[in-house]
Each structure stands twice: as C-alpha cells, then as structure tokens.
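Here is what each chain is made of, one letter per residue.
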Amino acid sequence: MEYRELSVPGAWEITPKQFGDPRGVFLEWFKAGKFEESLGHPLDLQQANMSVSAAGVLRGIHFADTPPGQAKYVTCPKGAVLDVVVDIRVGSPTFGAWDSVVLDDTDRRAIYLGEGLGHAFLSLEDDSTVMYLCSTGYSPGREHGIHPLDPEVAIDWPTTARDGSALTPLLSEKDLAAPSLSEAAATGLLPTLEQVTARLEALRASAR
C-alpha cells in the first residue's frame with residue numbers, strides 16, 4: 001500500500017497492492033497501521049457511507065465545520081469517478097487550489113481528505129459506487145457546500161464518460177444553490193488554517 005500526498009496538503013492518494021488469481025482479486029483498501037505511520041495520527045472511524053451514481057452525477061463540493069471537521073477515506077469498488085479535493089482553508093498558501101484522483105474498479109485506489117478540505121466527485125459510469133470512511137457522523141447543521149462549477153475554483157471536470165460518451169453534469173438542488181468560494185469566505189462559512197492545524201495537533205497528541 002503506497003501513500004502519495006497530493007498538491008493540496010492534507011490529502012493523499014492511496015494505491016493498494018492487488019493479489020489476483022483465476023478466482024478474482026484480493027486487496028487491503030484500508031490499513032490502520034499504515035495510515036497512522038503515513039499521517040502521524042489514526043483515523044477515528046465514526047461512520048461509513050456509500051453512494052451509487054449514474055454517469056454525469058456531480059456531488060460536492062462538500063465540507064464540515066472545523067472543529068471537529070470530517071475527514072474522509074474514499075474508494076470506488078464499482079465503476080469510476082473523478083474524485084476532487086479543494087483547499088478551502090482560509091489562510092492556507094494553497095487556498096482555492098484543487099487536485100484529483102481517478103477512483104475506479106481497475107486500480108482500486110483510495111483518496112484521503114483531512115479535516116477542513118472540500119470534497120467532490122463526478123461519476124464517469126452508470127452505477128458507480130463510492131464508499132467513504134468518515135471521522136465524524138452526519139450532522140446537517142455543520143455541513144456545507146460550495147458550487148462545484150464555481151469558475152473561481154475552476155475544476156477541470158471531464159466531459160466524456162468512461163465509455164467515451166458525452167457527460168452532462170447532474171447536480172442536486174442543494175449543490176446548485178451552494179455559494180461560490182468567495183461568497184462562502186465572505187460569510188465566514190469556511191474553516192481557517194489555524195483551526196485545522198489545531199485540530200490536527202490534537203489528533204497527533206492523542207496518538208502519542
């Protein structure tokens with residue numbers, strides 16, 4: 001299992017080793033010891049989610065109030081998605097920057113997004129299944145969004161599906177109504193780098 005930090009600090013691509021034979025494939029898609037060794041703190045697993053999306057479904061950009069925030073460890077066991085992390089931490093040197101990882105049923109990679117980061121993905125195939133390990137449970141009052149097509153963030157979303165057909169983004173009403181990054185910052189909705197740093201220090205201290 002290999003960890004590679006993305007260009008947005010606090011986000012990691014995880015590539016598992018796959019063991020195949022005529023019966024199929026086996027892999028470890030999460031391992032607590034390797035996770036803590038790579039990030040310096042454990043994943044406090046509080047909830048596991050799963051979504052199934054048609055081709056073109058665009059979910060996000062979602063984030064939670066920090067503290068406590070909500071870290072996510074995400075994989076796609078069926079189908080394919082472009083999974084995107086956005087730095088929404090006010091005061092961060094990479095504020096507004098984004099990076100992405102293709103999660104699919106071929107390479108079977110995962111992505112980890114630490115507290116204070118925005119998360120979105122675009123389904124590249126019908127019935128793409130995404131599974132999330134989350135550090136906190138669902139709490140509607142502290143969960144928010146930024147419009148995934150915000151030109152200021154300028155995510156380069158794919159326009160073709162896995163089979164080469166054209167993709168038309170399909171958003172929920174909630175995501176369509178989400179503010180831009182600038183609007184969210186102006187209203188104090190976004191986490192600050194200081195808040196996120198303090199949260200990470202607390203997590204690392206608890207692991208000592």
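Right above here is the structure, for reference.
Residues numbered from 1 in each chain as written. Predicted model: local features only at pLDDT ≥ 70, side-chain atom pairs only at ≥ 80, totals over all residues. Heavy atoms only, no water.

Moving on to the overall build of the protein. Along its length, the protein carries 4 helices and 13 strands. Dimensions of the protein, computed from the C-alpha atoms along their principal axes, are close to 55 × 45 × 30 Å. Out of the 208 residues belonging to the protein, those deemed buried represent 46%. A total of about 10000 Å² of accessible surface is found on the protein, and carbon and sulfur atoms cover 53% of it. Computed over 17 positive and 29 negative side-chain charges, the inter-centroid distance for the protein is 7 Å. (Helix = DSSP H or I, 4+ residues; strand = E, 2+ residues; numbered from the N terminus. Buried < 20%, exposed > 50% of the residue type's maximum accessible area, 1.4 Å probe, protein only. Areas by Shrake-Rupley, 256 points an atom, 1.4 Å probe, with all protein chains shown as cover. Lys, Arg positive; Asp, Glu negative; His and termini not counted. Charge placed at Lys NZ, Arg CZ, Asp CG, Glu CD.)

Moving on, we come to the sheet that holds strand β6 (residues 58–64). Spatial strand order, β9-β8-β11-β6-β13: 5 strands in an open sheet with antiparallel pairing. Both outer strands of the open sheet, β9 (98–104) and β13 (143–145), are each paired with one neighbouring strand and no more. For this sheet, the mean inter-axis angle between neighbouring strands, taken without regard to orientation, is 25°. As judged from the 7 bridges shared by strand β8 (residues 80–87) and strand β11 (residues 117–123), these two strands associate in the antiparallel manner. Each residue of the ladder has a partner; that of Val 85, found in β11, is His 119. (Pairing = 2+ DSSP bridges. Axes fitted to C-alpha atoms, helices over the stretch in contact; angles between N-to-C directions.)

Where a protein is soluble and globular, its nonpolar side chains tend to be buried together. With 21 residues, the main nonpolar core has Val 86, Ile 88, Ile 146, Ile 155, Trp 157 and Leu 190 as its most contacted residues. Put simply, the parts of the chain that give this core at least two residues each are β6, β8, β11 and α3 (181–186). Once residues within four sequence positions are removed from consideration, Val 86 is found in contact with Ile 61, Gly 96, Ala 97, Trp 98, Leu 117, Gly 118, Val 153 and Ile 155. One finds Val 8, Ala 11, Val 81 and Leu 103 within the second-largest nonpolar core, a separate group that totals 16 residues. (Core = buried A, V, L, I, M, F, W, Y, C linked by side-chain atoms within 4.5 Å. Contact = heavy atoms within 4.5 Å.)

Summarising burial for β11: 7 of the 7 residues are buried, a large majority. Residues Leu 117, His 119, Phe 121 and Ser 123 line one face of β11 and the alternating positions Gly 118, Ala 120 and Leu 122 line the opposite face, and both faces are buried.

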